[in-house]
Amino acid sequence: MIEIKGLTKKYGQFKALDNLNLTLSEGTVFGFVGANGAGKSTTFLILATLLQPTAGDVFIDGVNIRKNPQAVRKMIGYMPDFFGVYDQLKADEYLDFYGASYGIPEAERQKLIPQLLELVNLSHKRHAYVDLLSRGMKQRLCLARSLIHDPKVLILDEPASGLDPRARVEMRDILRTLKKMGKTILISSHILPELAEMCDEIGVIDNGRLIAHGSVAEIQDKLRGERVITVRLAGQLDNTIAFFEEDPYVTNIEQLDANDGISFSYKGTEEDQVILLKRAIMNNIPILSFMEHVTNLEDVFMEITKGAD
Amino acid sequence: MKMNFNNPVLFKELKLRFRSPKSFIGILFYLIAMCIFVFGFIYATMTVSGTSYFRPSESFILFGLLAFIQLGLVLFITPGLTAGAISSEREKQTLSILLTTSQSSFQIISGKLSSSIAFLLLLIVAGLPVYSLVFLFGGISPLDFVKVFLFLFVTLLAIGSVGVMFSTLIRRTIVSMIATYGTMLFLSVVTGFIFLIVLQMTAFNHTGTGAPTTSYLGHILASINPAILFASFLSQGMGDSISEMTQVKFPIWIGYLIFYLSLTVISLLISVKKLRVNMKRSK
Ligand SMILES: Nc1ncnc2c1ncn2[C@@H]1O[C@H](COP(=O)(O)OP(=O)(O)OP(=O)(O)O)[C@@H](O)[C@H]1O
Ligand SMILES: [Mg+2]
C-alpha cells in the first residue's frame, strides 16, 4: 500500500531524512516513533504532498507521489501536528467546506457529516463555532475532516498530543474502528507505549534514519537483545542454578532477594526459551512461575535512540 | 467556467466575509464617503453659481469626479482584500490542510480572487444609487457609464491578481500588503509623474524646432496609468491631447486593456504555479 524508497530530504546542508526505506501493506496501523527533530513530521509532509523530497520515491497504492500528487491527495487523509481552523465557521460547515473541496456532492455531504461527528463524539457541537472548541475537540474534528473523502490511507501527525487521558482513550477507540474499516494508518508519537497499544507495526526513526521496524514484539526483542527472566521456585535452589548455568544463552544468574527463586538474562530466541522451560520441567525443577520481565517501553526507546548517535 | 460556479473556496470565503461585521462597516464607510462627496459638490456648485438648479455640464463634472473617487477607493481597497488571500491562511495554519484537498491550484486561487472581486463588485453596486443622482440631472450617456465601469473592473481584476500573487509568493501578509500597495502606487501615481517628466523633457528638447517627435515611453506610461485613462474617457480633448503630445496614434484604452489583462493573466499563472510545492524531481 505504501512504499517509501530511499527517501531523503535536505534542508540546505542539513539532512532531515536520510535514505528512508519502508513498506507497509494494506490495513496496517504503523506507529512512527522518534525523539524531537527525528524527522517524523518531515516524512509525513512528503507523504502528504506538501514537501518536495530531495531524493527517493514514495508510492501510495502504486501511485508515485512525484508523478501524480493529485491522485495521491484523493487517497490520503492528513492531519498535521499543528493546524488552525477558520473562525466564523461552525463545525458542520467546517466539514462541509472540506467535503466540497474533495468534490463530494451536497446531498452526500449532508449524510456524511452527522456520521463523522458521531464517530468523533462531537455531535453535540455541531453548531458550535470551530475556533471556540477546545483543543482536544479541534483535534477530533480535524480527524473527522481527514476522513471525509473516505481515504484509504490516514497520515496522523501526533494526533494524541494535547489530549487528556480520556480523550486519548477515545482517540484510540476511533483508530481501532478505522482499522476495522481496513484503512492503512500512519501515526507518529514520542510516546512508544501509547503507540504499542494500537499499532501493528512500529518504526523507530532517529536523526532521519529508520533504525528499527517490525511488530511491537519484534521491536522489543530486537532492541533489547536480551530478556530478563525471573523464575520462582518451591525449593531446590542450588540444583536450579546449576541447571540454568548450563544453558549457553543464560547469563547473570542472581538469587532473588526473598531466596525463593532466581533471575537471569536470556539471549536466545523465543523458541529457545520455550525449549528451555520444557527441559527445566522435565528435569523436575519445581517452577512456580517463569516470567519474562517486560522492560519498560520507555527504557527501550531511550536505549535505541541513545545507541544510534 | 464550471469551477467558478461550484467553487468551495469562493463559497466559504463569501460566507465568512458576510458573517464578519467588518464587511458591513466597510460598505457603510464607502457609501458615506461617496455621499459626503456628491452632496458636498452639489451644495458647493449651487452656492458658487448662486442658482438653485444644477446644469448638465456640471453633472458631467460630478460624474467625472465620482468616477475618480470610485477608482481611488477601489485602488486602495483591492490590495487590502487580496494581499492576504493565501498568506493569511498560511499564518493561521489552515493552508496545509487546504492544499492536501483534491482541489486544483487554479480552483483555490480563482476562488480566493473571485471572492474578493465579488465583494468589490458589491461595493460598486452599492454605490450605484449615488450615480443615479447624476443620471437624474442628465448629461451622461450610458456608454460613458459602461466604459467607466468596464475599466474599473479590469483595473481591480489586475490589482487583485497581483495581490493574490504576492500573497502566494510571500510568507507574511504584512510584506505582501506592502508589495501590493507598492505596485498599485507605482501603476497609478509613479507612472503619472514619470509621464509628466518625460513629456516635459521631450517638449524642452524640441522648443524652437517646432516639430515634436514621438515619445513611445510617454505613450506607454499614459496607457498604464488608470488616472490618465479615466481622464481621457471623461474629456475627449484629454485623449486627443495625449496623442498630440506623444505623437502616437494608438488609442491608450487599448494599450490599457492589453497591459492590465496581461498583468492579470501573468499574476494568476504565477500564483497557480507557486501555490503548491513542485513534487517533481528537481533535475
Ligand atoms: N523548514 C525547515 N527548515 C530547516 N530545517 C527544518 C525545517 N523543517 C524541519 N527542519 C529540521 O528537520 C529536522 C526534522 O524535523 P521534523 O519536524 O521532521 O521532526 P519531528 O520528528 O517531527 O520532531 P517533533 O517530534 O518535535 O515533532 C529537525 O532537525 C528540524 O530542525
Ligand atoms: Mg513533528
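Residues numbered from 1 in each chain as written. Chains lettered and ligands numbered in written order. Predicted model: local features only at pLDDT ≥ 70, side-chain atom pairs only at ≥ 80, totals over all residues. Heavy atoms only, no water.

Looking now at the pattern of salt bridges. Using the criterion set out here, one finds 21 salt bridges over all chains in the structure. Between K5 of chain A and E3 of chain A there is a salt bridge, and its shortest N-O distance comes to 3.6 Å. Between K179 of chain A and D200 of chain A there is a salt bridge, with the nearest N and O atoms lying 3.0 Å from each other. One end of the pair, K179 of chain A, is in helix α6 (residues 165-180); the other, D200 of chain A, is in the loop between α7 (192-198) and β9 (201-206), and 21 residues separate them in sequence. Accessibility expressed as a relative area gives 29% for D200 of chain A, which makes it partly exposed. Here the salt bridges do not stand alone but share partners, grouping K12, E13, E89 and K112 of chain B into one network. (Salt bridge = Lys/Arg side-chain N within 4 Å of Asp/Glu carboxyl O. Helix = DSSP H or I, 4+ residues; strand = E, 2+ residues; numbered from the N terminus. Buried < 20%, exposed > 50% of the residue type's maximum accessible area, 1.4 Å probe, protein only.)

For chain A, the mean per-residue pLDDT works out to 87, and 93% of the residues sit at or above 70. Averaged pLDDT values for the elements of chain A fall to 62 in helix α11 (residues 297-307) of chain A and rise to 95 in strand β6 (residues 76-79) of chain A. (pLDDT = per-residue confidence, 0-100.)

Moving on, we get to the side chain of R66 of chain A. Relative to the helices and strands, R66 of chain A resides in the loop between β5 (63-64) and α2 (69-75). Within polar-contact distance, the side chain of R66 of chain A engages the backbone oxygen of M279 of chain B at 3.5 Å. (Polar contact = N/O pair within 3.5 Å; in protein donor to acceptor, adjacent residues only side chain to side chain.)

Attention now moves to helix α9 (residues 237-246) of chain A. All names here are of chain A. Taken as a whole, α9 has its buried residues at L237, T240, I241, F243 and F244. Axial view of α9: buried residues confined to an arc of 165°, hence all on one face. The outward face of α9, more than 90 degrees from its buried face, is lined by the exposed residues D238, N239, E245 and E246. For α9, the secondary structure elements touched by its buried residues are β11 (227-233), β12 (250-255), β13 (261-266), α10 (270-282) and β14 (287-292). (Arc of directions from axis to C-beta. Contact = heavy atoms within 4.5 Å.)

Attention shifts here to the nonpolar core. Residues Y94, L95, L141 and I202 of chain A are the most contacted members of the largest nonpolar core, which totals 143 residues. Looking at this core element by element, the count peaks at 12 residues for helix α7 (residues 105-137) of chain B. Among residues more than four places away in sequence, those in contact with L95 of chain A are I113, L116, L117, L141, A144, R145 and I148 of chain A. Judged by nonpolar contacts, the second largest core, of 14 residues, contains I229, I241, F244 and A280 of chain A. (Core = buried A, V, L, I, M, F, W, Y, C linked by side-chain atoms within 4.5 Å.)

Residue and element names in this part refer to chain A. Lining the immediate surroundings of ligand 1 are 13 residues, of which N36, K40, S41, T42 and H190 lie closest. In this structure, an oxygen atom belonging to ligand 1 sits 3.3 Å away from a side-chain N or O atom of E158. Summarising the interface, the protein chains cover 61% of the accessible area of ligand 1, which totals 640 Å² for the free molecule. Taken together, the elements giving at least two residues each to the shell around ligand 1 come down to β2 (14-24) and α1 (40-47). With three residues, the single largest contributor to the shell around ligand 1 is α1. Residues of the shell around ligand 1, tallied by class, amount to five nonpolar, six polar and two charged. (Near = heavy atom within 4 Å. Areas by Shrake-Rupley, 256 points an atom, 1.4 Å probe, with all protein chains shown as cover. Nonpolar A, V, L, I, M, F, W, Y, C, P; charged D, E, K, R; others polar.)

This next bit is on the pairing of β13 of chain A. Residue and element names in this part refer to chain A. By the criterion of burial, β13 is predominantly enclosed, with six of the six residues buried. Relative to β13, β11 is paired through six bridges, and the arrangement is antiparallel. Each residue of the ladder has a partner; that of V228, found in β13, is S265. Two elements, β12 and β13, share four bridges in a ladder whose sense is antiparallel. Residue T251 lies in a different strand from β13, and its bridge partner there is S265. Counting the residues that bridge the hairpin from β12 to β13 gives five residues, and of these N259 lies at a positive phi of roughly 60°. (Pairing = 2+ DSSP bridges.)

Moving on to a nonpolar patch on the surface. Residue and element names in this part refer to chain B. On the surface, F76, L185, F186, V189, V190, F193, I194, I197 and M201 cluster together to form a nonpolar patch covering roughly 810 Å² of accessible area. Here the nonpolar patch takes eight residues from helix α9 (residues 173-205), the largest share from any one element. With respect to the helices and strands, F76 occurs in helix α4 (residues 56-82). (Patch = residues over 30% accessible without salt bridge, like charges linked within 9 Å, V, L, I, M, F, W, Y side chains within 5 Å.)

Here we come to α1 of chain A. Residue and element names in this part refer to chain A. The buried fraction of α1 is high, at six of eight residues. When α1 is considered as a whole, its buried residues turn out to be K40, T42, T43, F44, I46 and L47. T49 sits one or two residues past α1 and shows a positive phi near 65°.

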